[in-house]
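Breakdown of the fold
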Amino acid sequence: MSSPSIRERQMIDLRSDTVTRPTPGMLAAMTAAPVGDDVYGEDPTVNELERRTAALFGLEAGLFVPSGTMANQIAVRVHCRPQDEALLETTSHIRLWEAGGAAALSGVTLTPIDSPTRDGRLGASDFAGRVSPDDMHSVRTRLVCLEVTHNRGGGTVLSPDAIGDISRWARQHNLAMHLDGARVWNAIVKTGVPADVWGRMFDTVNVCFSKGLGTPVGSMLLGPRDLIAQARRIRKLFGGAMRQVGFLAAACLYALDHHIERLAEDHENAQVIAKAVEEVPGFTLAPRTVETNLVWFEVDARHGNAKAVAERLKAKGVLVAPLGAHVVRVVTHLDVSREQCQKAAGAIRALAG
Ligand SMILES: *Cc1c(COP(=O)(O)O)cnc(C)c1O
């Protein structure tokens, strides 16, 4: 078995909150899990995770899936038929980073709505007039997808009040509501608004265990029992039905017990990074306010481009993600301590020249 080189171990990896490795406690929970064949519905650990997560979000049922992409794409398929349309923010993960899944797998048109504040946030007024006419020439508008926290928007938290307004508008127009809540845990910790308040505003919710919660694998689609039964058939169709997967569900149960409250530390560490970014001439936080664990910033021409900045930081032992020609993302997580984030902040400050 190959282990990471000493050099790699020393790297402070802030590219994503997906780079975490299971902790000793999590690994112990995984190896001790009772398991069975989940395709037969016989894995007690998966069943417990599905029950427990659904209850946490105030929804009836859950479906364990290998990835957040699969959870979102199953949701699109459950709510829509070919020729249908989903409305979502322009830079949503579902639109930008799921390999064209809605079109390829479900024949669904994704119609983008620009965030007026350019941080992923939308209000009910942004949806006004966006339902397609009931006409054979048009798509049938069927679904609204929101994302909390918003990844490309900068880890921003759309407020429950705004979601409530959008949800009322959606119901007036007979549209379903789906939450891409890959990082909804961060929003829960940031706002103190409990999970079930977020969950009850939606028909379906995707939550991920492999981002801030630090498991090696796992997401879940939550919703009413009848929709989740349909989702189970679609998971099989998409190749996501797994067998003795309680070993992975055990990691998720462990994360529910141990890794939610600590997200507050990631948020504090992100502030340490954000302060350093603000001090470098030619770096601009975008958005200007960092709310959770994602720090996005723009680099101007004096720094070359995002790749050049990433290379310079790499030489100082810090990995960041260049995600646009002039856009860099830094993400704090379970596997980076306050001290490491302070070191990374020092490396960023040193780029001031
Ligand atoms: C990471 C992410 C997903 C998808 O997760 P994968 O497990 O990588 O497929 C979905 N939505 C958002 C907002 C994400 O950040």
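Residues numbered from 1 in each chain as written. Predicted model: local features only at pLDDT ≥ 70, side-chain atom pairs only at ≥ 80, totals over all residues. Heavy atoms only, no water.

1. Describing the site of the ligand
Close to the ligand lie S67, G68, T69, N72, H93, E98, E147, N151, D180, A182, R183 and K211, which account for all nearby residues. N151 is positioned such that a nitrogen or oxygen atom in its side chain is 3.1 Å from an oxygen atom of the ligand. Here D180 contributes a side-chain N or O atom positioned 2.6 Å from a nitrogen atom of the ligand. Considering the ligand on its own, with 380 Å² of exposed area, one finds that the protein chains cover 85% of that surface. Broken down by element, the shell around the ligand gets its largest block of residues, three residues, from helix α4 (residues 68–79). Its residues placed into classes, the shell around the ligand shows one nonpolar, six polar and five charged. (Near = heavy atom within 4 Å. Polar contact = N/O pair within 3.5 Å; in protein donor to acceptor, adjacent residues only side chain to side chain. Areas by Shrake-Rupley, 256 points an atom, 1.4 Å probe, with all protein chains shown as cover. Helix = DSSP H or I, 4+ residues; strand = E, 2+ residues; numbered from the N terminus. Nonpolar A, V, L, I, M, F, W, Y, C, P; charged D, E, K, R; others polar.)

2. A short note on the sheet that holds strand β12 (residues 321–324)
With respect to topology, four strands assemble into an open sheet ordered β9-β10-β13-β12, the strand pairing being antiparallel. The sheet terminates laterally at β9 (283–285) and β12, the two strands that pair on one side only. Each adjacent strand pair in this sheet contributes to an overall mean axis angle of 35 degrees, direction not counted. As paired strands, strand β10 (residues 294–299) and strand β13 (residues 327–331) are joined by five bridges and run antiparallel to one another. Within β13, the position partnered with E298 by the bridge is V327. Seen against the sheet, helix α14 (residues 306–315) touches β9, β10, β12 and β13 and runs at an angle of roughly 180 degrees to β12. (Pairing = 2+ DSSP bridges. Axes fitted to C-alpha atoms, helices over the stretch in contact; angles between N-to-C directions. Contact = heavy atoms within 4.5 Å.)

3. Side note on the UniProt feature "domain: Aromatic amino acid beta-eliminating lyase/threonine aldolase" (unreviewed entry) in the chain
Listed under "domain: Aromatic amino acid beta-eliminating lyase/threonine aldolase" (unreviewed entry) in the UniProt record, and renumbered for this structure, are residues 13–297. Counting secondary structure, residues 13–297 comes out at 40% helix and 17% strand; the distance between its end C-alpha atoms is 17 Å. (UniProt positions renumbered as here; feature names shortened; annotations may be inferred.)

4. Things to note about the pairing of strand β6 (residues 176–181)
Extensive coverage of β6 is indicated by the burial of six of its six residues. Alternating positions in β6 separate into two faces, A176, H178 and D180 on one and M177, L179 and G181 on the other, with burial throughout. Pairing of strand β5 (residues 140–147) with β6 involves five bridges; the strand directions are parallel. Among the inter-strand pairings, E147 is bridged to a residue of β6, identified as D180. Remark: the β5/helix α8 (residues 160–172)/β6 crossover connection has right-handed handedness. With four bridges joining them, β6 and strand β7 (residues 204–208) adopt parallel strand pairing. Paired with G181 across the strands is V207, a residue of β7. (Buried < 20%, exposed > 50% of the residue type's maximum accessible area, 1.4 Å probe, protein only. Right-handed = clockwise from strand over helix to strand, strands pointing away.)

5. Some details on the packing of aromatic side chains
Taken as a whole, this structure holds four aromatic pairs when the rule is applied. Taken together through their ring pairs, the aromatic side chains of F57, W185 and F209 make up a single cluster. (Phe/Tyr/Trp six-rings, centres within 6.5 Å; stacked < 30°, edge-to-face > 60°.)

6. Looking at the domain arrangement of the chain
If you check the domain split of the chain, you get domain 1 (6–20 + 262–350) and domain 2 (33–258). Each of domain 1 and domain 2 has a C-alpha centre, and these two points are 28 Å apart. A combined buried area of about 1,700 Å² lies between domain 1 and domain 2, and 53% of that area is made up of carbon and sulfur atoms. The largest contributions to the domain 1 side of the interface with domain 2 come from L263, E291 and W296, which together make up 34% of the buried area. Between E291 and R121 there is a salt bridge whose closest N-O contact spans 2.6 Å. For the pair domain 1 and domain 2, the number of links is eight residue pairs in polar contact (both at pLDDT 80 or more). Of all the elements in the fold, those that place two or more residues in the side of domain 1 that touches domain 2 are α13 (263–278), β10 and β13. Ranked by residue count, the leading element in the side of domain 1 that touches domain 2 is α13, at three residues. (Domains from an automatic or database assignment. Buried area = accessible area lost by both parts, 1.4 Å probe. Salt bridge = Lys/Arg side-chain N within 4 Å of Asp/Glu carboxyl O.)

7. Notes on the environment of Q244
Checked against the element boundaries, Q244 lands in the loop between α11 (225–237) and α12 (246–258). Residues Q244 and A33, spaced 211 residues apart in sequence, show a C-alpha to C-alpha distance of 9.9 Å. Other than its neighbours up to four places away in sequence, Q244 contacts V35, G36, D37 and D43.

8. Side note on the pattern of salt bridges
Summed over all chains, the structure comprises 16 salt bridges. The closest approach of N and O atoms between R15 and D13, which form a salt bridge, is 2.6 Å. With a relative accessible area of 14%, D13 lands in the buried category. One salt-bridge network, in which partners are shared between bridges, spans D119, R121 and E291.

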